[in-house]
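Listed below, chain by chain, are the residues.
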Amino acid sequence: MKSLSLFSICLLGLAACSETVSETTGTFTARGETYPTITRQFQRADGSTYSRMTIQVGAERVSCIPGNRADCETALIDTYNRDRSNF
């Protein structure tokens, strides 16, 4: 839970210094399931850009690096494991 809070704070800090320049929808398939996605490209004040992909998993969303399949699959697995531990 601490790491999620720390990640949220860092993400908010980055978002405060950047502007969304594009947004595209798509899908991500893993473990035989297809999930809707939104990929956003952000531009920092210095002109550099970065992207994040948000995957909708049921009522939750997970974020990962677009084009990095291992990162996205790990985010999905972490969500699955976290949900299972609540039962």
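This text follows the structure it describes.
Residues numbered from 1 in each chain as written. Predicted model: local features only at pLDDT ≥ 70, side-chain atom pairs only at ≥ 80, totals over all residues. Heavy atoms only, no water.

**Overview of unusual backbone geometry**
Step number 1: Unlike most non-glycine residues, Arg-31 shows phi in positive territory, near 55 degrees.
Step number 2: Within the secondary structure, Arg-31 is located in the loop between β1 (18–30) and β2 (33–44).
Step number 3: Residue Arg-31 is classed as exposed on the basis of its relative accessible area of 52%. (Helix = DSSP H or I, 4+ residues; strand = E, 2+ residues; numbered from the N terminus. Buried < 20%, exposed > 50% of the residue type's maximum accessible area, 1.4 Å probe, protein only.)

**Considering the nonpolar core**
The nonpolar side chains of a soluble globular protein tend to be buried with one another.
Step number 1: Of all hydrophobic cores here, the largest spans 11 residues; its members are Phe-28, Ala-30, Tyr-35, Met-53, Ile-55, Val-57, Val-62, Cys-64, Cys-72, Ala-75 and Leu-76.
Step number 2: Contributing elements (two or more residues each) for this core: β1, β3 (49–57), β4 (60–64) and α2 (69–85).
Step number 3: The contact partners of Ala-30, leaving out residues within four places of it in the chain, are Tyr-35, Arg-69, Glu-73 and Leu-76. (Core = buried A, V, L, I, M, F, W, Y, C linked by side-chain atoms within 4.5 Å. Contact = heavy atoms within 4.5 Å.)

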